[in-house]
Amino acid sequence: MEPKRFELPSGRAEEGFKDKKPLYTQAEAVAEANRCLYCSDAPCIKACPTAINIPEFIRKIGTSNIRGAARTILTANILGQSCAQACPVEVLCAGSCVYTGWGREAINIGRLQRFAVENTLKKTPELFQAKPATGKKIALVGSGPASIAAAGMLALEGHTCIIYERKAIPGGLNSLGIAPYKLKGPEALREMEWVFSLGRIELRTGVEVVEQAKGPGQVSASELIASHDAVFLGLGLGADSRLGVPGEDGEGVEGATLLIERIKAEPGFKLQGVKRAMIVGGGNTALDIAHELVLLGVEVDMVYRRSEKEMGGYAHELDSARVDGVRLVENRQPVEVVREGGKVVAVKLATTRDGKPVPGTEEVVPAELVVMAIGQERATGVAKAFPGVELDARGRVKVDAATHRTGHAKVWSGGDCVNGGKEVVNAVAEAKIAVRDIQRHLVGE
Ligand SMILES: Cc1cc2nc3c(=O)[nH]c(=O)nc-3n(C[C@H](O)[C@H](O)[C@H](O)COP(=O)(O)OP(=O)(O)OC[C@H]3O[C@@H](n4cnc5c(N)ncnc54)[C@H](O)[C@@H]3O)c2cc1C
Ligand code: SF4
């Protein structure tokens, strides 16, 4: 039977975005690989949360062993395709490359990784063979990178994996959140299908795991525990947080992740009548949506309540967004969204001191769209329905760091719901730790 293909509708805004780091040609890849010094105590490996043997795969590219390079990458990181395109290499592997220390251009590790994995998965994807069936069944809640990576590794061990995803489109933020100039939805979905081809993995979309199921489309936590040998929680984060200022509710004020999801997945998405947008926030999500909107032809101000130095977003992402036209407005905060006839026409901004608005400093700045990128709420409430699973004071699922096992003997967890929101590569790294312990628990290895 042909594996199921997950399609996104055509006519999506993300289709118009060009790759910022396109696929290397063979000649470009070999030339770049030959710059690597194959350092013996390679700092780039230590900087990778999944510890990919970077000099080894680069050496293989240099000798045109592309399939071997892909095998090295995917053995350490089963989502090596999306990580090649989405990872902030500037602060991870490439940021620690010895060339960076000498003030020279680091090896383009992400682009080399993309070259090896993308070409191999397109042409000769049969890289790994799953072990014989063990008869063990594992439920994975959520279909983001944490669960997909865990399912792939568990399937290779011969276990049956059933993934429960509440949305119609699987993949979590990997298919619906990453900026389209890095990774487009269909690329994440093709990678996910390759993971599914590795073994016995079943995906149930449109099914939410809840405390107490009340009808079709829901399954209870207790049911999962009773009918599976292990459960992995890859819940991610929840809805976009709101600022709580007057005028915020209603059309014209959007949450950043929801708006990004529309850009990536909604056919015919258009910003009608929007010339100027104001993005509120200073993290990477704020930078991403600001950058995406400016590339869609909107004038963008990004308003941050503290100074540039204090921003949570990466400096390289800010530089890149600025090159395309994003303006950063520091030490300001919206205190009101101004509407006329219900429509957003402006934002009242106050100057801030220590991140708090100073009364009497307000100015009115025109904007037809306001995007809140000030963080996401937690989606971890359901975790408490598994007896023994606890949340910390910030709503994150508590795990043992060495095993990623929760307080319930059959429940493990990883990804954003545990770390509070990091990167795809961290979700994979945490899934690896959990899988090692699940394996120990199920077959004693
Ligand atoms: C806008 C944005 C841009 C980003 N850009 C990058 C980037 O460029 N590079 C990078 O490395 N990282 C990036 N990240 C971070 C990265 O996307 C996350 O770290 C990663 O996706 C976390 O994976 P996860 O599996 O933990 O969660 P998610 O990807 O959020 O997946 C969780 C899934 O669980 C489902 N779910 C939740 N609760 C239930 C339930 N009760 N029942 C059934 N299903 C449920 C959700 O619907 C979702 O599909 C970005 C994040 C955001 C918000
Ligand atoms: S640190 Fe740079 S030069 Fe050294 S092995 Fe890693 S990529 Fe190659």
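In this convention, every chain numbers its residues from 1, walking through the sequence in written order. Chain A is the first chain written and ligand 1 is the first ligand written, with later ones labelled in order. Residue-level local features of this predicted model are given only where pLDDT is at least 70; pairs of side-chain atoms are given and counted only at 80 or more, and the full residue set underlies all totals for whole chains, interfaces and linings. As a rule here, side-chain values come from all non-hydrogen atoms in the structure, and water together with hydrogens is ignored.

S.K.: Whenever I open this one, the site of ligand 1 confuses me. Can you help?
M.R.: Neighbouring ligand 1 are 34 residues; Ala86, Glu165, Leu173, Lys182 and Asp416 lie closest to it. Counted as a polar contact is a pair of N or O atoms within 3.5 Å, where, for protein atoms, one must be capable of donating a hydrogen and the other of accepting one, and residues adjacent in sequence contribute only when both atoms are in side chains. In the environment of ligand 1, an oxygen atom lies 2.9 Å from a nitrogen or oxygen atom belonging to the backbone of Leu173. Taking 1,000 Å² as the accessible area of ligand 1 by itself, protein coverage stands at 95%. Residue type decides the class: Asp, Glu, Lys and Arg count as charged, Ala, Val, Leu, Ile, Met, Phe, Trp, Tyr, Cys and Pro as nonpolar, and the leftover types, Gly among them, as polar. Partitioning the shell around ligand 1 into residue classes produces 14 nonpolar, 11 polar and nine charged. Domain segmentation is taken from an automatic or database assignment of domains. Here the shell around ligand 1 spans two domains, since at least three of its residues come from each of domain 2 (137-166 + 206-236 + 379-443) and domain 3 (240-375). Being near a molecule or strand, for a residue, means having at least one of its heavy atoms within 4 Å of it. Accessible areas in this description were obtained via Shrake-Rupley with a 1.4 Å probe; residue shielding takes into account the shown protein chains only.

S.K.: Any chance you could explain the nonpolar core here in plain terms?
M.R.: For soluble globular proteins, nonpolar side chains are generally found buried alongside one another. Residues belong to a common nonpolar core when they are buried Ala, Val, Leu, Ile, Met, Phe, Trp, Tyr or Cys residues joined through side-chain atoms within 4.5 Å. The rule is simple: take the accessible area with a 1.4 Å probe, protein chains only, and divide by the maximum for that residue type; under 20% is buried, over 50% is exposed, in between is partly exposed. In terms of nonpolar packing, the biggest core is built from 78 residues, with Phe57, Ile58, Ile61 and Leu112 touching the most fellow members. Here this core gathers at least three residues from each of two domains, domain 1 (13-123) and domain 2 (137-166 + 206-236 + 379-443). Ala290, Val298, Val326 and Leu328 belong to the second-largest nonpolar core, a separate cluster that totals 30 residues.

S.K.: Sorry, what's going on with the domain arrangement of the chain here?
M.R.: Often, the extent of an interface is quoted as the loss of accessible area on bringing the components together. When the domains of the chain are assigned, the result is domain 1 (13-123), domain 2 (137-166 + 206-236 + 379-443) and domain 3 (240-375). Distance between the C-alpha centres of domain 2 and domain 3: 33 Å.

S.K.: It is not clear to me how the sheet that holds strand β1 (residues 137-141) should be interpreted in this structure. Could you clarify?
M.R.: Strands belonging to one sheet form pairs held by backbone hydrogen bonds; the direction of such a pair is parallel or antiparallel. Pairing between strands requires that DSSP locate at least two bridges from one strand to the other. Strands here mean DSSP runs of E at least two residues long; helices mean DSSP runs of H or I at least four residues long; both are numbered from the N terminus. Taken together, five strands build an open sheet; the order of strands is β3-β2-β1-β6-β18 and the sheet is parallel. Strands at the two margins of the open sheet, each flanked by one partner only, are β3 (201-205) and β18 (411-413). Averaged over all neighbouring strand pairs, the angle between strand axes comes to 20 degrees, with direction disregarded. Where strand β6 (residues 230-233) lies against β18, three bridges are found, and the strand directions are parallel. Axis geometry follows a simple rule: fit a line to the C-alpha atoms, using only the stretch in contact for helices, then measure angles between N-to-C directions, giving values from 0 to 180 degrees.

S.K.: Sorry if this is basic, but what is going on with the site of ligand 2 here?
M.R.: Taken together, the residues surrounding ligand 2 are Cys36, Leu37, Cys39, Pro43, Cys44, Pro55, Cys97, Val98, Ile107 and Ile109. In terms of residue class, the shell around ligand 2 is built from 10 nonpolar, no polar and no charged.

S.K.: Any chance you could explain the sheet that holds strand β8 (residues 253-255) here in plain terms?
M.R.: The parallel open sheet is built from five strands, whose spatial order is β8-β16-β9-β10-β11. In this open sheet, the two strands that pair with only one neighbour each are β8 and β11 (327-329). Strand after strand, the sheet turns through a mean of 25 degrees between neighbouring axes, direction not considered. Pairing between strand β9 (residues 276-280) and strand β16 (residues 369-372): four bridges, direction parallel. Its bridge partner lying in β16, Ala277 is registered against Leu369.

S.K.: Even after reading the chapter, I still don't get helix α13 (residues 284-295), so can you show me in this structure?
M.R.: Turn by turn, an α-helix covers 3.6 residues, leaving residues three or four places apart pointing in a common direction. Counted at 1.5 Å a residue, the expected span for α13 with its 12 residues is 16 Å, and the 16 Å between its end C-alpha atoms agrees. Most of α13 is tucked away, with nine of its 12 residues classed as buried. Of the positions making up α13, those classed as buried are Ala286, Leu287, Asp288, Ile289, Ala290, His291, Glu292, Leu293 and Val294. In this description, contact between two residues means that some pair of their heavy atoms is separated by no more than 4.5 Å. For α13, the elements touching its buried residues are α12 (256-265), β9, β10 (299-303), α14 (315-323) and β16. Count one or two residues on from α13 and you reach Gly297, which has phi positive near 95 degrees. One less than the residue count of a helix, multiplied by 1.5 Å, gives the span that helix is expected to have.

S.K.: What am I meant to see in the pattern of salt bridges here?
M.R.: Working definition: two side chains of opposite charge can pair if their charged atoms are close together. Just to be clear on terms, a salt bridge is a Lys or Arg side-chain nitrogen sitting within 4 Å of an Asp or Glu carboxyl oxygen. Following the criterion strictly, the structure yields 32 salt bridges and no others. A salt bridge links Arg262 to Glu266, with the shortest nitrogen-to-oxygen separation between them at 2.8 Å. Connected via shared salt-bridge partners are Asp19, Arg114, Glu118, Lys122, Lys184 and Glu187.

S.K.: Hey, could you run me through the packing of aromatic side chains in this one?
M.R.: Ring pairs (aromatic) are described by centroid distance and by the angle formed between their planes. Working definition: rings of Phe, Tyr and Trp (its six-membered ring) pair if their centres are within 6.5 Å, and the pair is stacked with planes under 30 degrees apart, edge-to-face with planes over 60 apart, and tilted otherwise. This structure, assessed with the given rule, holds three aromatic pairs. Look at Phe17 and Tyr181: their rings are 6.4 Å apart centre to centre, the planes differ by 45 degrees, and that puts the pair in the tilted class. In this pair, Phe17 sits in the segment before α1 (26-33) while Tyr181 sits in the loop between α9 (173-176) and α10 (185-196), placing the two residues 164 residues apart along the sequence. Accessibility classification places Phe17 together with Tyr181 in one group, the buried group. Criterion for a charge above a ring: Arg CZ or Lys NZ at most 6 Å from the ring centre, at most 35 degrees from the ring normal. The ring of Tyr181 has Lys20 sitting right over it, with the charged end atom 5.7 Å from the ring centre. Cation over ring: Arg35 sits above Tyr99, and NZ or CZ is 5.1 Å from the ring centre.

S.K.: Whenever I open this one, the environment of Ser175 confuses me. Can you help?
M.R.: Here Ser175 lies in helix α9. Counting along the chain gives 30 residues from Ser175 to Pro145, while the straight-line C-alpha distance between them is 9.4 Å. In terms of polar contacts, Ser175 uses its side chain to reach the backbone carbonyl oxygen of Pro170, at 2.6 Å.

S.K.: What is the right way to look at the state of the cysteines in this model?
M.R.: The term disulfide refers to a covalent linkage connecting the sulfur atoms of a pair of cysteines. Disulfides are defined as pairs of cysteine sulfur atoms found within 2.5 Å of each other. Throughout the structure, instances matching the rule amount to zero disulfides. You can see Cys93 has no disulfide; the closest cysteine sulfur is in Cys48, sitting 6.6 Å from it. Of the residues examined, Cys93 reaches a relative accessible area of 9% and is grouped as buried.

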